[in-house]
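# Per-entry structural report
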Amino acid sequence: QLQNKILILTACAVGIGGTFQYGYNISIINAPTSYIQRFMNETWLERTGAPLGSDVILLLWSFTVSAYPLGGLTGAIAAGPMAIMLGRKTSLLLNNVFVIIAAVLSGFSRMAKSFEMIILSRFFTGLNAGISMNIQPMYLAESAPKKLRGAVALTSASFTALGLLLGQVVGLRELLGAENSWPLLLASNAVPALIQLMALPWFPESPRYLLIDRGDKESCISALQKLRGHCDLSAELEEMLAEQAATDGQRAKKPWELFQDRAVRWQLLSIVVLSSAMQLCGNDSMYFYAAYVFQEAGIPQEKIPYVVIGTGSCELITSVTCNIIIDYAGRRPLLLGGYSSMAGWAIVFMVALSQQARISWMPYLSMVCIFAYILSFGIGPAGVTGVLPTEVFDQMSRPAAYMICGSLLWFNLFLVGTAFPFIVKTLAHFCYVPFFLVCICTALYVGFFLPETKGKSFLEISEEFKKRNFKSHAHAFPYKGPEEIKSTVL
């Protein structure tokens with residue numbers, strides 16, 4: 001019980017200033033959109049005496065929105081070297097500096113009459129999110145015991161969903177969503193950062209990092225004792241020492257070295273497929289359609305923000321549910337079920353959108369599709385994807401693997417955000433066809449090629465992938481795939 005209590009507190013201390021910020025900062029920018037655009041126009045008018053055209057305002061707003069994933073991509077690339085040189089815990093603490101800088105910039109932007117400060121602040125919030133989304137699951141999975149590794153690492157997804165939901169709540173007009181309080185809304189992300197700066201120093205560094213990267217056995221044992229209490233540590237320490245021996249004499253790998261290393265070929269392919277699918281599956285685009293569908297269903301305009309909070313609640317509920325069941329159900333069933341269900345609901349959603357003008361009850365079916373799609377995403381892909389790089393890569397490859405994952409995630413977030421309006425314009429009601437294909441292809445990949453990692457040590461997982469990576473070419477053709485999967489299950 002003491003062990004579980006300490007792990008929960010560790011996850012909370014890490015999550016509140018970590019992936020919580022990613023969800024929160026995506027969410028809070030939606031409420032003040034029109035106010036910030038008006039502020040841009042008024043500022044320019046005051047500076048030059050001429051108002052901005054609507055297309056220029058839209059361009060400036062696109063720069064503001066794009067600065068977030070650009071910062072995230074920069075953070076994802078910086079996270080690997082930071083995790084290796086500074087350690088997991090120190091990197092997370094230092095990461096709060098970026099979000100505090102962002103809060104100061106956005107908080108004083110109206111006073112300084114500078115919309116450029118808002119754009120810069122969004123870059124720094126993205127930088128913070130990019131670093132935390134890579135290092136947080138790494139730190140938690142390395143600190144958790146084998147039987148709870150999935151559940152503890154998955155709290156990253158729960159804190160993302162909590163951030164999204166709280167961002168929607170705080171952005172309501174009655175709280176900080178009014179026109180006169182938008183600088184305070186954008187600066188409110190400093191609060192979680194300050195909470196983490198006060199809480200996280202009380203918890204230890206990752207034991208695996210201390211032993212395998214630093215070679216400091218005494219600090220590793222001390223960290224384990226803080227995390228586990230007074231239970232027997234011999235088996236866990238023996239496993240870590242075996243992993244240390246397996247990586248003895250190696251240095252931390254660079255991302256490009258993973259692409260050249262045949263020993264991690266299947267691991268790399270798996271995380272590339274799953275990290276790309278996280279953003280290309282269309283879950284974030286559901287939020288784009290939410291307000292329109294709710295309006296068509298007859299919900300009054302002023303009530304729509306409250307209904308949209310329901311979508312954030314869905315993602316939070318499913319993330320917590322997934323957190324509870326992941327170490328019982330396993331990773332593969334949650335991923336396979338999530339993507340298969342999303343593919344099914346994508347078809348229903350497209351049919352409902354195409355018939356919305358003709359059949360009176362279709363908007364209600366569209367509403368059901370939005371909630372079901374978000375629930376399907378939350379129950380598997382949202383959380384499991386972040387856990388896998390820690391489980392399928394060894395200590396020397398893990399930071400580089402997270403750099404690749406994070407870079408793909410942020411690049412694809414930018415790609416979908418840029419391309420989706422054009423997809424809607426081109427395909428109209430059938431705009432979810434590309435997302436449907438991504439879900440189907442990802443489900444097939446998981447079903448045929450991804451082994452289960454539940455309840456296995458890092459070395460056992462490495463051995464399982466080693467058998468795949470060094471199979472003869474004669475057994476590597478697609479027609480042998482099902483036989484290969486059967487052999488790994490047996």
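Rules of the game
- Position labels on residues start from 1 in each chain and follow its written sequence.
- Selection of residues for local features in this predicted model requires a pLDDT of at least 70, selection of side-chain atom pairs for listing and counting requires 80 or more, and totals for whole chains, interfaces and linings are taken over all residues.
- Neither water nor hydrogens contribute to the side-chain values; these are computed over all heavy atoms in the structure.
- Every helix listed is a DSSP run of H or I at least four residues long, and every strand listed is a run of E at least two residues long, numbered separately from the N terminus.
- Any residue under 20% of the maximum accessible area for its type is buried, any over 50% is exposed, and the rest in between are partly exposed; the area is computed with a 1.4 Å probe on protein chains only.
- Computed by Shrake-Rupley with a 1.4 Å probe, the accessible areas treat only the displayed protein chains as cover when residues are assessed.
- Charge counting treats Lys and Arg as positive and Asp and Glu as negative, with His and both chain ends excluded.
- One atom stands in for each charge, and that atom is NZ of Lys, CZ of Arg, CG of Asp or CD of Glu.
- Each axis is a line fitted through C-alpha atoms, taken for helices only over the stretch in contact, and angles between the N-to-C directions span 0 to 180 degrees.
- Orientation labels follow simple angle bins: below 35 degrees gives roughly parallel, above 145 gives roughly antiparallel, 65 to 115 gives roughly perpendicular, and whatever is left gives oblique.
- Handedness of a helix crossing follows the sense of rotation of the near helix relative to the far helix, less than a right angle counterclockwise being left-handed and clockwise being right-handed.
- When checking whether two residues touch, look at their non-hydrogen atoms; a contact exists if any pair is within 4.5 Å.
- Think of it as three bins: nonpolar holds Ala, Val, Leu, Ile, Met, Phe, Trp, Tyr, Cys and Pro, charged holds Asp, Glu, Lys and Arg, and polar takes everything else, Gly as well.
- Cavity and pocket criteria rest on a 1 Å grid covering protein atoms alone: a 1.4 Å probe that fits but cannot get out defines a cavity, protein on both sides within 12 Å along at least 5 of 7 lines defines an open pocket, and an atom within 4 Å of a point defines a lining residue.
- Grid points are joined across faces, edges and corners, and a volume is the space filled by probe spheres set on the points.
- Marked domain ranges trace back to an automatic or database domain assignment.
- When two parts are put together, the accessible area they lose, computed with a 1.4 Å probe and summed over both, is reported as buried area.
- By definition, a salt bridge exists where a carboxyl oxygen of Asp or Glu is found within 4 Å of a side-chain nitrogen of Lys or Arg.
- The criterion is simple. A nonpolar core is a set of buried Ala, Val, Leu, Ile, Met, Phe, Trp, Tyr and Cys residues joined through side-chain atoms within 4.5 Å.

### Digging into the overall build of the chain
Of regular secondary structure, the chain possesses 25 helices and zero strands. Projected onto its principal axes, the C-alpha positions of the chain cover 70 × 50 × 45 Å. In the chain, which comprises 490 residues, the share counted as buried stands at 54%. Carbon together with sulfur atoms contributes 68% to the accessible area of the chain, which is approximately 20800 Å² in total. Counting 36 positive and 32 negative side-chain charges, the chain places the centres of these two groups 3 Å from one another.

### Overview of the packing of helix α16 (residues 265–280) against helix α22 (residues 398–427)
Interaxial distance between α16 and α22 falls to 8 Å at its minimum, and their mutual angle equals 30 degrees. As judged from the angle between their axes, α16 and α22 are roughly parallel. Like other packed secondary-structure pairs, α16 and α22 cross with a definite hand, here right-handed. Contact with α16, carried on its side by L268, I271, V272, S275, S276, M278, Q279 and L280, involves A401, I404, C405, L408, L409, N412, L413, L415 and V416 of α22 and no other residues of that element. Partitioned by chemical class, the residues of the contact of α16 with α22 number 13 nonpolar, four polar and no charged.

### Let's talk about the packing of α16 against helix α24 (residues 458–469)
A pair of packed helices is captured by two measures, namely the crossing angle of their axes and the spacing between those axes. Packing of α16 against α24 leaves a shortest axis separation of 8 Å and a crossing angle of 100 degrees. Here α16 is positioned roughly perpendicular relative to α24, judged by the angle of their axes. Along its contact with α16, which presents R265, W266, Q267 and S270, the element α24 presents F465, R468 and N469. Of the residues contributing to the contact of α16 with α24, the split by class is two nonpolar, three polar and two charged.

### Points about empty space enclosed by the protein
Counted according to the given criterion, the structure contains one cavity of 30 Å³ or more. Space inside the largest cavity adds up to approximately 40 Å³. Contributing to the lining of the largest cavity are I28, A102, S106, S121, R122, T125, L186 and N189. Mapped by element, the contributors of at least two residues to the lining of the largest cavity are α5 (88–107) and α7 (116–143). Counting residues per element, the lining of the largest cavity draws most heavily on α7, at three residues. In terms of residue class, the lining of the largest cavity is made up of three nonpolar, four polar and one charged.

### Details of the domain arrangement of the chain
Split by domain assignment, the chain resolves into domain 1 (1–203) and domain 2 (255–471). Measuring from the centre of the C-alpha atoms in domain 1 to the corresponding centre in domain 2 gives 21 Å. Counting residues at the interface gives 40 residues for domain 1 and 42 residues for domain 2. The three residues of domain 1 that bury the most area against domain 2 are R149, L154 and Q168, which together make up 19% of that side's buried surface. Between domain 1 and domain 2 we count two salt bridges in total.

### Remarks on the nonpolar core
Ranked by internal contacts, the top residues of the largest apolar core, which has 54 residues, are Y22, F294, L335, Y339, Y373, W410 and Y432. The greatest single-element share of this core, amounting to nine residues, is contributed by helix α19 (residues 331–354). Among the domains, domain 1 (1–203) and domain 2 (255–471) are the pair contributing at least three residues each to this core. Leave out the neighbours within four places in its chain, and F294 touches I299, I304, V307, V308, T311, M367 and F371. Counting 24 residues, the second largest nonpolar core, distinct from the first, contains V14, A144, F203 and Y402.

### Here's the deal with the pattern of salt bridges
Pairing between side chains of opposite charge can happen when the charged atoms of each approach one another. In this structure the tally under the stated criterion is 14 salt bridges. In this structure, the salt-bridge partner of E391 is R149, at a minimum N-O distance of 2.9 Å. In this pair, E391 is assigned in helix α21 (residues 381–392) and R149 in helix α8 (residues 149–153), connecting sequence segments 242 residues apart. Per residue, the accessibility class of E391 equals that of R149, and both read buried. In this structure, R398 engages E243 in a salt bridge whose closest nitrogen and oxygen atoms are separated by 3.9 Å. In this pair, R398 is assigned in helix α22 and E243 in helix α14 (residues 234–246), connecting sequence segments 155 residues apart. Judged by its relative accessible area of 3%, E243 is buried. Where salt bridges share partners, they join R88, E142, R208, E239, E243 and R398 into one cluster.

### Concerning unusual backbone geometry
Within the chain, K113 stands out as a residue other than glycine whose phi angle is a positive 55 degrees. Of note, K113 is situated in the loop between α6 (109–112) and α7. Unlike most non-glycine residues, A428 shows phi in positive territory, near 50 degrees. When you line up the elements, A428 lands in the loop between α22 and α23 (433–449).

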